[in-house]
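Observations on chain architecture
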Amino acid sequence: MSQHASTNPNSLGGVSPVREMMQIALPAIVTMTSYAVMTFVDRWIVSELGADAIAGVGNGGIFAFLAAAFGLGSLTVINTYASQNLGAGKPREGSAYAWNGLWISVVYWAIVLLPIALFLPQIFAGMRGIFGVGEIAEATVRIETDYGRILLSGMVFMIAARGIAHYFYGLHKSWVVMVSSIAGNLVNLPLTYMLVHGLWIMPELGTNGAAVATVVGSFVELAIPMAIFLSAKYDLAYHTRRVWRPSFRHMHDLLRIGWPAGFMFSSEIVCWWVLTAGYTARFGSVQNAAGWAAMNYMHLSFMPAVGISIAATALVGKCMGAGRPDLAVQRTWLCLKFAVGYMAVCALCFVLFRHPMLALFSGGDHFTPEEAAEFIRIGSWVLIVAAAFQIFDAVAITLTGALRGAGDTVWPGLITLVLSWSFIMGGGWLMVTYAPGLESIGPWMAGAAFIIVLAIVLLLRFKAGSWKTMKVLRDRPGAELKDSFGAGILAAADEAYAEAPPVHALIEEAPPTNPGGGTERGAFPTPADPGGPER
């Protein structure tokens, strides 16, 4: 048995399950919380400009995120490949997936996001026409268009940063992502304040300044992990400089199990976009803004759970790569306990402190006393509705990550599509059409029903256990894989590429060293760790 193996049958690599989870989850939670805090403070800063500013920034921001969602969701499986290769004792194999994730980011930005930015006003108008949304305040339309276009123009940095982040998550080096996200926020937050209000040498850009600062912060979040990724030490350990060329085979791998995750993510965001920028917007800027203020607190609740979900993906992937689905189950329940506990506390806070929480966003001079009262009334009810689904949201978020770690992405993607369009789209329309007396709270109730049902269905899927037999890693280049989408757009290129030797074989004929010793189950040979001990 390797010297790294543990005598505990429930541990891998000599690390206790709780410690192993926390090594990944804590930095991931800090990272996700950092994103949530950045969004929260940005919207708090622009709230000083009034309800139209809050609504416009929220509407434009969620659409930019929607447009990028397919790319963002597809690249989450870089974590799966990196972690499963780590578990199989082949951590160098993950580097090519990181590079091809970067290439996909650039192509997606150039051919999808930039053209969308040009037609943003028409897209918003078309959505509102389809769902019968009435006239929207001119100021809200102007702000959401300008804000969304700026974000889309710089979205390549965010997508690429998320892709390289999932590579480090898969290597169980999530501290790299944590450092970069904190640095990005330290740049974004003061820059937002200065650009919104025109302080120091900065121009006064209003809400556009918040968008510009977000793009700059995203660039910082990309630059730091890329510098580490391309360092001499990481190249020595993981060949990060040697596999930079685009690879159809690796792109095919990413899209083969990544497209359902991207499709699921983008489909769900479409529904939330219609709910926030469509259904609730028809009740006026104040109610639209109140929903966005409540959503800011929801971000502080579910984003740490997303961090736990990322840890679940990495842990399950590592266990599956080592051939230990039994440990994957245990790691999932462990992550689920932490996520449910945290979001249950958030639910309690939503109910007990909803009025002072909403008052933080309605104290500016741009709110009349009547508007402020309406803002707090609607926002408080939205927080109560949110409290009802917090525990279910924890279950859905965590299990989605666990299933993704095993490569189970198609079925969760399809069920999310069906349920989100049924409950958020269909149920939301029914609420605003047949129960308008509920005002903008009605669509939020439909959204809550979606999350509750989704959590129950995903729990049943996980307990059924079909994911335990799924195969993600290739035994050899070009090997057939279970659940491949077959004659996909990259299949022909992938087949041709499979006949050629892998890139790293052309560079270094000798196999990578195995200082961990052995490949026994439970032992994880790893190359020299240039990043020091996991933090």
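Preceding this section is the structure that the text describes.
A brief structural summary. (Residues numbered from 1 in each chain as written. Predicted model: local features only at pLDDT ≥ 70, side-chain atom pairs only at ≥ 80, totals over all residues. Heavy atoms only, no water.)

**Regarding the overall build of the protein**
When you go through the protein residue by residue, the secondary structure sums to 19 helices and zero strands. Expressed as a percentage of the 535 residues in the protein, the buried residues total 57%. Long-range contacts, defined as pairs at least 24 residues apart, comprise 85% of the intrachain contacts of the protein with a sequence gap of at least 6. With the model as given, the accessible surface of the protein reaches about 20,500 Å², and the carbon-plus-sulfur share is 68%. (Helix = DSSP H or I, 4+ residues; strand = E, 2+ residues; numbered from the N terminus. Buried < 20%, exposed > 50% of the residue type's maximum accessible area, 1.4 Å probe, protein only. Contact = heavy atoms within 4.5 Å. Areas by Shrake-Rupley, 256 points an atom, 1.4 Å probe, with all protein chains shown as cover.)

**What about the pattern of salt bridges?**
One pass over the full model with this rule turns up nine salt bridges. Ionic pairing is found between E374 and R377, a salt bridge with its closest N-O pair at 3.1 Å. Of this pair, E374 and R377 both sit in helix 15 (residues 369-405), three residues apart, which is roughly one turn of the helix. Looking at R377, the relative accessible area reads 34%, which means it is partly exposed. (Salt bridge = Lys/Arg side-chain N within 4 Å of Asp/Glu carboxyl O.)

**Looking at the packing of aromatic side chains**
This structure, assessed with the given rule, holds 19 aromatic pairs. With centroids separated by 5.3 Å and ring planes inclined at 80°, the aromatic side chains of F157 and F219 adopt a geometry described as edge-to-face. Of this pair, F157 sits in helix 7 (residues 155-170) while F219 sits in helix 9 (residues 207-229), and the two are 62 residues apart along the sequence. Judged by its relative accessible area of 27%, F157 is partly exposed. Note on F219: relative accessible area 44%, which makes it partly exposed. Judged by centre distance (6.0 Å) and plane angle (85°), the ring pair of Y297 and F361 falls under edge-to-face. (Phe/Tyr/Trp six-rings, centres within 6.5 Å; stacked < 30°, edge-to-face > 60°.)

**Some details on the nonpolar core**
In this structure, Y167, W273, M298 and F375 are the most contacted members of the largest nonpolar core, which totals 148 residues. Ranked by the residues each element gives to this core, the list is headed by helix 12 (residues 285-321), at 20 residues. Other than its neighbours up to four places away in sequence, F375 contacts I54, V286, A289, A290, A293, L358, F361, S362 and F367. (Core = buried A, V, L, I, M, F, W, Y, C linked by side-chain atoms within 4.5 Å.)

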